[in-house]
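# Breakdown of the fold
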There are 2 protein chains.
Amino acid sequence: MFDQIERGQAVGKAEFDAAASELRTSLILTQQELRKADCPVLIIFGGVDGAGKSELAGLLNEWMDPRWIVTRAYGPRTRDEKSRPEFWRYWVDIPPRGQIGVYLSAWYSEPLVDRVYGRLKKRKFERELSRIGEFERCLADDGALILKFWMHLDKAQQKRRLRKLEKHPARHWQVGKQDWRNWENYGRFVEVAERIIERTDAPYAPWRLVDGGDAGYRSLAVLRTVRQAIGDHLAGRTSSRTRPPPAVQLTVAENGGEDGPATAESHGGPASRPPLAQVDLGASVTKPLYARKLPKLRRRLNELYQRAKNQEMATMLVFEGWDAAGKGGTIRRVTAALDARDYRIHPIAAPNDWENAHHYLWRFWQRIPRDGKFAIFDRSWYGRVMVERVEGFASEPEWSRAFREIREFEDQIVEHGTLLMKFWLHIDADEQARRFRDRAETPYKSWKLTDEDWRNRDRWREYEAAVNEMVTRTSTAAAPWHLVPFNDKRHGRLEVLTRLCEAMERKLG
Amino acid sequence: MFDQIERGQAVGKAEFDAAASELRTSLILTQQELRKADCPVLIIFGGVDGAGKSELAGLLNEWMDPRWIVTRAYGPRTRDEKSRPEFWRYWVDIPPRGQIGVYLSAWYSEPLVDRVYGRLKKRKFERELSRIGEFERCLADDGALILKFWMHLDKAQQKRRLRKLEKHPARHWQVGKQDWRNWENYGRFVEVAERIIERTDAPYAPWRLVDGGDAGYRSLAVLRTVRQAIGDHLAGRTSSRTRPPPAVQLTVAENGGEDGPATAESHGGPASRPPLAQVDLGASVTKPLYARKLPKLRRRLNELYQRAKNQEMATMLVFEGWDAAGKGGTIRRVTAALDARDYRIHPIAAPNDWENAHHYLWRFWQRIPRDGKFAIFDRSWYGRVMVERVEGFASEPEWSRAFREIREFEDQIVEHGTLLMKFWLHIDADEQARRFRDRAETPYKSWKLTDEDWRNRDRWREYEAAVNEMVTRTSTAAAPWHLVPFNDKRHGRLEVLTRLCEAMERKLG
């Protein structure tokens, strides 16, 4: 692969200076255009040490306005980073729309180095590469432009370069023992790098191989590509933000739609009956039984919470459901068994402007609990495929790819060792009407009822179809949906607590 | 102090239920009003374990809309919290305007417990109490309503309460060995608590002592106070946001103004000459000398950076200065000596809406570096007393109290062991005009020049007076201002690097 790189090209000082002024100006103008656009740009430099990665990052910052550039490199994982899913540290750092993120090796560093030194088994390595693909595709789908440069040097060139750096009065510290050890493993590095490039080269995030032998040449080559690619991207992009929302047409894809079947194990049954129709809304519990069972469940949950804390297992609970189904009351029954230091409740409303400037999953990545803690979501990322879909806040391509994005997001959480549970609190339209009336009539409840609640009721059928599709397509073996009947709140609460305890017991072993 | 609490009052179930419905309704309405207001509310529960702190937090969440309430309790400090200034964890958690923060013991817990068990010396303890006062005053000045309840039980009551909790099937886990140990030290707890209350009782954050013996009584007492206090606060408040900005009248308070003299040690001199007038703008360095010195300084800085990393010392650098003074170029000369994994540059522009919903210092608390790291600010919190003052974005009371707020903010950073350096890059108006023209004429520089730059120039005198006052009032022994002449950029950069190296050497010992 690397022998196809055009070698030995050089650009002299005079030629460089002549080109620089024009290139600088057009880079700046391009950046100004980008500032007004609704997409972020990610520029990733991978490759051989000494081939100019940091110099290029420096040049980008010097030639453009550094206030709108975020430059990131990642070292060994801190405790904080280790206690969250692997890609957490990258997700929280993605650039907002209109800005540029410059990354030195970033998510390519660990797979490369760990694989070369045998710390990463082949299967895990391949999974890492798939994960990178998912991450980049997810951002690209959202409008991000992703530019990846693999800076190359051959073995002799690298040796010369390291020698030269060692002698440089201000740069010698950049070369350590590890760099020479890496150099000795040059062949193995090339082998692993080829596999990485092959697997992570994609139309939405193509690799560009660059000969890093000559500073002038590589700078012009990379920066010209950057300028051109951003310009093309902006020119070719019709803003998805300004596009009118499409007419809502809900059809439930029983088998999970184009991107493969999703298992809905917790509510199997004849494929012809949608999930919500299978919920037995007649279930109920008497008051005395409830009063007897609730404290027992609370105690059991409390014991499990203490064990989870000792074993450093994180727990994420998602509560979705119809308006007035009883989310708030249920959450309080859960938190009654926990210590306030160890949980956070995240009520999810419409995103603010800063959140809107990022991928919609970004704000949820910010809320991933660290090991041993609880994060409880009162509504969640599922808004994307419910309210945003039905009300037209998300376009059809946006919400339809969200099913896959959400599965991939949740896979990473579960893989980290976190317990993730998703509850749909189900009631029927009559019960909702009864509760709305009750709210309207009870002084301290009437605030809960807004005109919007009544409006949403009018779209019950559309929401129902959206929920059915959501459940079908995002129930996975690792994180199935739990549909819980809530026409009787007592029954519903006990059911949620029971399932939570059972799941914790299973996971804690 | 505690014997003045009215004791033995009780509210029966019937009386409680009768009062509850009305109280709930008015609390909800009050919260709705608050949502529209521009101030946050902080409710702090301190006091004896078992006196109902968590129950009250639970009730507030049940009776009001929990989506707009943030409830926080703090455990032993995590590594993450230890590697930042002490109040960092509280600052990042303050509620936004329109919302309520409910705190269990929070910043009162450590001083109380640590003092009782002798882990906190008297002098340090008293300083902690002053710090709490500063923190609460800072929030109150910004419009926050602060309600503090000290929940009291006498020794016999507490014993009964702990016994009862131990027997409760779902709550027994709340009582551990430490609770009984605390009970045995009851007398000492009361003594320390009295001192805490005495020292932190203030008009803007008064303590209310409540008998926690009866659940019905204490709930009604506290919640009625909450309702009343929020209502009064909203009624009495003329929004500072809607008030028109006052006419700008700049007078330099040479001696630090009403809140005490600030030392301006690095630029002492006749009090009659303002600091900026003392800067020698003629200083310059030849190109060859610059070329010889720069790499040496870079190497020296790199060595110091490595030592700072090993010793886990954090560094915060603030760059302020006239437009076109050379902030960006200087920052790049600093970062050239650092590894990209260990620094973050924070370009500070106008706050976004979410930042605006908090105290103006909140966004800077979010950016405090952890131990061993660099945080570099391209403009900073000093915007409050410069651009916000001169352009009228901050009202006179807002910017004039900012001098003290900033000193207290910086004190905490320095006290934590962080090196904090503040540079003012100084040029004169002629030099600025020359650079503006150069920018206008150089294709790749012209983007840097906007109409706003020319407008700001018209207000040079006003900015100059504001800067002089800022330097005078915020130069402290711990964090003096460094005024660096930048008419000659080469000289300026070398000067910044030299002073940085010297300060790091001193601090690292």
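Structural data are supplied above this passage.
The shown structure was predicted, so the numbers you read here are calculated from the model rather than taken from an experiment. (Residues numbered from 1 in each chain as written. Chains lettered and ligands numbered in written order. Predicted model: local features only at pLDDT ≥ 70, side-chain atom pairs only at ≥ 80, totals over all residues. Heavy atoms only, no water.)

Residue and element names in this part refer to chain B. Evaluated as defined, the whole model comprises 88 salt bridges over all chains. A salt bridge links D114 to R119; its shortest N-O distance comes to 3.0 Å. With a relative accessible area of 54%, R119 lands in the exposed category. Measuring nitrogen to oxygen at the nearest pair gives 3.4 Å for the salt bridge that ties R461 to E464. Note that R461 and E464 are positioned in helix α19 (residues 460–474) at a spacing of three residues, about one turn of the helix. Relative accessible area serves as the criterion here: at 65%, R461 is assigned to the exposed category. Note on E464: relative accessible area 19%, which makes it buried. (Salt bridge = Lys/Arg side-chain N within 4 Å of Asp/Glu carboxyl O. Buried < 20%, exposed > 50% of the residue type's maximum accessible area, 1.4 Å probe, protein only. Helix = DSSP H or I, 4+ residues; strand = E, 2+ residues; numbered from the N terminus.)

This brings us to the relation of the copies chain B and chain A. Rotating chain B by 180° and translating it 0.0 Å along the rotation axis places it on chain A, where the RMSD comes to 0.1 Å. Taken together, these values place the two copies in the relation of a two-fold axis. Comparing interface residues between copies, 98% of those in chain B also sit at the interface in chain A, which points to an isologous, same-surface contact. (Least-squares fit on C-alpha atoms with pLDDT ≥ 70 in both. Contact = heavy atoms within 4.5 Å.)

Moving on, we come to unusual backbone geometry. If you check the backbone angles, S105(B) has positive phi at about 60° while not being a glycine. Assignment of secondary structure puts S105(B) in the loop between β3 (100–104) and α5 (109–116).

So, about the nonpolar core. Judged by nonpolar contacts, the single largest core of 148 residues is most densely connected at W107(A), W381(A), M470(A), M504(A) and F45(B). At eight residues, helix α20 (residues 489–508) of chain A tops the list of elements feeding residues into this core. If near-sequence neighbours (up to four positions away) are discounted, W107(A) is found in contact with L42(A), I44(A), F87(A), Y90(A), I132(A), F135(A) and E136(A). In this structure, F16(A), I44(B), W150(B) and W399(B) belong to the second largest nonpolar core, which totals 147 residues. (Core = buried A, V, L, I, M, F, W, Y, C linked by side-chain atoms within 4.5 Å.)

Attention shifts here to the interface of chain B and chain A. Listed by partner, the interface residues are 48 residues for chain B and 49 residues for chain A. Both faces considered, chain B and chain A share a buried interface measuring about 4300 Å² in area, 60% of it formed by carbon and sulfur atoms. The interface formed by chain B and chain A contains two salt bridges. A salt bridge links R344(A) to D93(B), with the shortest nitrogen-to-oxygen separation between them at 3.2 Å. At the junction of chain B and chain A, the tally comes to five residue pairs in polar contact (both at pLDDT 80 or more). Secondary-structure elements contributing two or more residues to the side of chain B that touches chain A are α1 (13–36), α2 (53–63), β2 (69–73), α3 (79–82), α11 (287–310), β7 (343–347) and α13 (353–356) of chain B. (Buried area = accessible area lost by both parts, 1.4 Å probe. Polar contact = N/O pair within 3.5 Å; in protein donor to acceptor, adjacent residues only side chain to side chain.)

Attention shifts here to the packing of aromatic side chains. As enumerated under the stated definition, the model contains 54 aromatic pairs over all chains in all. The interplanar angle of 70° and the centroid separation of 5.3 Å between the aromatic rings of W365(A) and F409(A) together place this pair among those described as edge-to-face. With a gap of 44 residues between them, W365(A) in helix α14 (residues 362–365) and F409(A) in helix α16 (residues 396–415) connect regions that are remote in the sequence. On the basis of relative accessible area, F409(A) is assigned to the buried category, the value being 2%. Over the ring of W68(B) we find R35(B), and its NZ or CZ is 3.5 Å from the ring centre. (Phe/Tyr/Trp six-rings, centres within 6.5 Å; stacked < 30°, edge-to-face > 60°. Lys NZ or Arg CZ within 6 Å of the ring centre and 35° of its normal.)

What follows deals with the sheet that holds strand β6 (residues 315–321) of chain B. Residue and element names in this part refer to chain B. The five strands are arranged β7-β8-β6-β9-β10 in an open sheet whose pairing can be described as parallel. The strands lining the two open edges of the sheet, one partner per strand, are β7 and β10 (481–485). For this sheet, the mean angle separating the axes of adjacent strands, direction not counted, is 20°. Across seven bridges, β6 lies against strand β9 (residues 419–426) in parallel orientation. In the sheet register, G321 faces β9, and the bridge partner there is L425. (Pairing = 2+ DSSP bridges. Axes fitted to C-alpha atoms, helices over the stretch in contact; angles between N-to-C directions.)

Backbone hydrogen bonds are what pair the strands of a sheet, in a parallel or an antiparallel way. Residues and elements named next belong to chain A. Spatial strand order, β7-β8-β6-β9-β10: five strands in an open sheet with parallel pairing. Each edge of the open sheet is held by one strand with a lone partner, namely β7 (343–347) and β10 (481–485). Taking each pair of neighbouring strands and ignoring which way they run, the sheet shows an average axis angle of 20°. Direction of pairing for strand β9 (residues 419–426) relative to β10: parallel, over a ladder of five bridges. Directly across from F423, in β10, lies its bridge partner H482. Against the sheet, helix α12 (residues 327–335) touches β6 (315–321), β7, β8 (374–378) and β9, its axis set at about 160° to β6. Packed onto the sheet, helix α19 (residues 460–474) meets β9 and β10 and runs at close to 140° relative to β10.

Moving on to helix α6 (residues 122–141) of chain B. Taking 1.5 Å as the rise per residue, α6(B) with 20 residues should run 28 Å; its terminal C-alpha atoms sit 28 Å apart, in good agreement. G143(B) sits one or two positions beyond α6(B) and adopts a positive phi of about 110°. (Expected span 1.5 Å × (residues − 1).)

Attention now goes to the pairing of strand β1 (residues 41–47) of chain B. All names here are of chain B. The element β1 is extensively covered by neighbouring structure, given that seven of its seven residues are classed as buried. Taking every second residue as pointing to the same face, both faces of β1 are buried, with V41, I43, F45 and G47 on one and L42, I44 and G46 on the other. The sheet contact formed by β1 and β3 spans five bridges and is parallel. Residue pairing across strands places V41 opposite I100, the latter belonging to β3. Sheet topology places β1 next to strand β4 (residues 145–152); seven bridges connect them, and they run parallel. Across the sheet, F45 pairs through a bridge with F149, a residue of β4.

Residue and element names in this part refer to chain B. Most of β3 is tucked away, with five of its five residues classed as buried. With five bridges connecting them, β2 and β3 associate as parallel partners. Residue pairing across strands places V70 opposite G101, the latter belonging to β3.

With respect to the helices and strands, the residue K36(B) is situated in helix α1. A C-alpha to C-alpha distance of 8.8 Å links K36(B) and R97(B), two positions 61 residues apart in sequence.

Moving on to the packing of α16(A) against α19(A). All names here are of chain A. Where α16 meets α19, the axes come as close as 10 Å, and the angle between the chain directions of the two elements is 40°. The pairing of α16 with α19 is recorded here as oblique in orientation. The crossing of α16 and α19 is right-handed. Between α16 and α19, the residues in contact are S400, F403, I406, R407 and E410 and E469, M470, R473 and T474, respectively. For the contact of α16 with α19, the residue count by class is three nonpolar, two polar and four charged. (Parallel < 35°, antiparallel > 145°, perpendicular 65-115°, else oblique. Left-handed = near helix turned anticlockwise from the far one by under 90°. Nonpolar A, V, L, I, M, F, W, Y, C, P; charged D, E, K, R; others polar.)

Moving on to the environment of T25(B). On the secondary structure map, T25(B) appears in helix α1. Judged by relative accessible area, T25(B) falls into the buried class, the value being 14%. T25(B) sits 398 residues away from F423(B) along the chain, and the two C-alpha atoms are 54 Å apart. Within the structure, the side chain of T25(B) is placed 3.1 Å from the backbone nitrogen of Y444(A), a separation counted as a polar contact.

Here the focus is the side chain of R84(B). Residues and elements named next belong to chain B. Residue position: R84 is located in the loop between α3 and α4 (88–91). With relative accessibility at 12%, the residue R84 sits in the buried group. Within the structure, the side chain of R84 is placed 2.9 Å from the backbone oxygen of I368, a separation counted as a polar contact.

Before going further, it helps to spend a moment on a positive patch on the surface. Residue and element names in this part refer to chain A. Taken together, the side chains of K155, K159, R163 and K167 make up a positively charged region of the molecular surface. Along the polypeptide, K159 turns up in helix α7 (residues 155–167). Here K159 falls in the partly exposed class, since its relative accessible area comes to 32%. (Patch = residues over 30% accessible without salt bridge, like charges linked within 9 Å, V, L, I, M, F, W, Y side chains within 5 Å. Areas by Shrake-Rupley, 256 points an atom, 1.4 Å probe, with all protein chains shown as cover. Lys, Arg positive; Asp, Glu negative; His and termini not counted. Charge placed at Lys NZ, Arg CZ, Asp CG, Glu CD.)

Glancing now at the packing of helix α7 (residues 155–167) of chain B against helix α8 (residues 177–184) of chain B. Residues and elements named next belong to chain B. Put simply, α7 and α8 touch, their axes get as near as 10 Å, and they point 170° apart. Taken together, the axis directions place α7 and α8 in an arrangement best described as roughly antiparallel. Helix-helix and strand crossings are classified by hand; for α7 and α8 the assignment is left-handed. Where α7 approaches α8, its residues K155, Q158, K159, L162, R163 and E166 are matched on the opposing element by D179, W180, W183 and E184. The residue inventory of the contact of α7 with α8, partitioned by class, reads three nonpolar, one polar and six charged.

Nothing here speaks to function; it is geometry throughout.
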